[in-house]
Amino acid sequence: MSVQIVLASQSPRRAELMKLITDDFQVEVADVDEKKIEKSLFDGHRPSKKMARELVKMLSFEKAMAVYKSYPDKLVIGADTVVVLGKEILGKPQNKDHAYLMIKKLSGKMHMVMTGVTLIENGKYEQFVACSRIRFRPWNKEMQRAVNHYVDTGKPMDKAGAYGIQEEAGLFVKWIKGDYNNIVGLPVGELYKRIYKLEKFK
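Residues numbered from 1 in each chain as written. Predicted model: local features only at pLDDT ≥ 70, side-chain atom pairs only at ≥ 80, totals over all residues. Heavy atoms only, no water.

### A few points about the overall build of the protein
We apply this condition: We count a stretch as a helix when DSSP gives it H or I for four or more residues in a row; a strand needs E for two or more, and each element gets its number in order from the N terminus. To get the radius of gyration, use the C-alpha atoms; to get the globule rule, take the number of residues to the power 0.38 and multiply by 2.2 Å. The rule is simple: take the accessible area with a 1.4 Å probe, protein chains only, and divide by the maximum for that residue type; under 20% is buried, over 50% is exposed, in between is partly exposed. Any pair of residues with heavy atoms lying within 4.5 Å of one another is described as a contacting pair. Working definition of accessibility: Shrake-Rupley area with a 1.4 Å probe, residue cover restricted to the visible protein chains. Residues scored as charged are limited to Lys and Arg (positive) and Asp and Glu (negative), so that His and the chain ends carry no count. The atom standing in for a charge is NZ when the residue is Lys, CZ when it is Arg, CG when it is Asp and CD when it is Glu.
Check the secondary structure of the protein and you find seven helices and seven strands. Computed over its C-alpha atoms, the radius of gyration of the protein comes to 17 Å, within 12% of the 17 Å expected for a compact globule of 202 residues. Expressed along its principal axes, the backbone C-alpha trace of the protein runs to roughly 55 × 40 × 25 Å. In the protein, buried positions account for 46% of the 202 residues. Partitioning the intrachain contacts of the protein with sequence separation of at least 6 by distance along the chain shows that 67% fall at a separation of at least 24. If you sum the accessible surface of the protein, you get close to 10600 Å²; carbon and sulfur atoms cover 49% of it. Put simply, the protein has 35 plus and 25 minus side-chain charges, and the middle of one group is 8 Å from the middle of the other.

Below is the structure:
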């Protein structure tokens, strides 16, 4: 039997989280120019939490739609995650120095992780945005050593905000409020509810 669900993502973390919902899915990487989409959205506008919500919704839709064109008979799911600190939207770091500075900037502060999810099936789509709040521990010599070690592993380079909470960066966290899995990259609880409504598991 062919799979019913296609996950439009190149993130291994999202694929692992998707397995909590079902093994009946396949992964396809969406050919989307994220920088171009981001530039078109922010052209002439200042970054804000509202704009961050629009960005993850737009990117998740473009990813899902790019893959849906090849799988019109499937349920296609796209997702995108950003980190928001105040009015600043933090994407993926450009290099190790940038990753170090990003994490240092987050230290001692509360920030938000937003994941936009788009589901497309039979030419129709629905979207939602999950938000979690996190506070990092204050910056000190102990944290500096831990951050240096983490950055040297290269793991922050493909992650929004330059960290993955499921990795060594979990040591930086003082508290979280909201869905932990959302911070990793996919709010599986809410996604499962949406998929179940589509009668995929009934």
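There is more to say, and it comes next.
### Remarks on the packing of aromatic side chains
Inclusion rule: Two rings from Phe, Tyr or Trp (for Trp, the six-membered ring) form a pair when their centres are within 6.5 Å of each other. A pair whose planes differ by under 30 degrees is stacked, one over 60 is edge-to-face, and the rest are tilted.
According to the stated counting rule, one finds six aromatic pairs in the structure shown. Arranged with centres 5.7 Å apart and planes meeting at 90°, the rings of Tyr 100 and Trp 139 form a pair that is edge-to-face. Here Trp 139 lies in the loop between strand 6 (124-136) and helix 5 (141-152) and Tyr 100 lies in helix 4 (residues 96-106), a separation of 39 residues in the sequence. Where Tyr 192 meets Tyr 196, the ring centres are 5.9 Å apart and the plane angle is 40°; that geometry is what we call tilted. A residue pair is termed a helical-turn pair when its members lie 3 or 4 positions apart in one helix, as Tyr 192 and Tyr 196 do in helix 7 (residues 188-197) at four residues. Three or more aromatic residues joined by ring pairs make a cluster, and in this case those are Phe 136, Tyr 150, Tyr 163 and Phe 172.

### Description of the side chain of Arg 14
Definition in use: Note on definitions: salt bridges are taken to be side-chain nitrogens of Lys or Arg within 4 Å of carboxyl oxygens of Asp or Glu. Between N or O atoms, a polar contact is any pair within 3.5 Å; within protein, one atom must be a potential hydrogen donor and the other a potential acceptor, and residues adjacent in sequence are included only when both atoms are from side chains.
Assignment of secondary structure puts Arg 14 in helix 1 (residues 12-18). One buried charged side chain, Arg 14, makes no salt bridge at all; its nearest oppositely charged neighbour is Asp 80, positioned 5.2 Å away. Within the structure, the side chain of Arg 14 is placed 2.8 Å from the backbone oxygen of Gly 185, a separation counted as a polar contact. Filtering out sequence-adjacent residues up to four positions away, Arg 14 remains in contact with Leu 7, Ser 9, Lys 63, Ala 79, Asp 80, Thr 81, Gly 185 and Leu 186.

### What to know about the pairing of strand 2 (residues 25-28)
Stated precisely, the cut-off is as follows: Should DSSP find at least two bridges between two strands, the strands are regarded as paired. By the criterion used throughout, a crossover qualifies as right-handed when its path from the first strand across the helix to the second strand runs clockwise, the strands pointing away from the viewer.
As defined by bridge partners, strand 1 (residues 5-8) adjoins strand 2 across four bridges and the pair is classed as parallel. Pairing of Leu 7 across the sheet is with Val 27, part of strand 2. Note on the crossover from strand 1 through helix 1 to strand 2: the handedness is right-handed.

### Re the packing of helix 4 against helix 5
Counted only if it meets this: To define axes, lines are fitted to C-alpha atoms, for helices over the stretch in contact only, and angles between the resulting N-to-C directions are given on a 0 to 180 degree scale. Less than a right angle of anticlockwise turn of the near helix away from the far helix marks a crossing as left-handed, whereas a clockwise turn marks it as right-handed. Under the scheme applied, nonpolar residues are Ala, Val, Leu, Ile, Met, Phe, Trp, Tyr, Cys and Pro; charged residues are Asp, Glu, Lys and Arg; polar residues are all the others, including Gly.
Orientation of helix 4 relative to helix 5, taken along the N-to-C sense of each, is 145°, at an axis distance of 10 Å. Crossing of helix 4 over helix 5 shows right-handed handedness. Residues Lys 96, Ala 99, Tyr 100 and Ile 103 of helix 4 lie in contact with helix 5, whose contacting residues are Gln 144, Val 147, Asn 148, Tyr 150, Val 151 and Asp 152. Of the residues in the contact of helix 4 with helix 5, the class split is six nonpolar, two polar and two charged.

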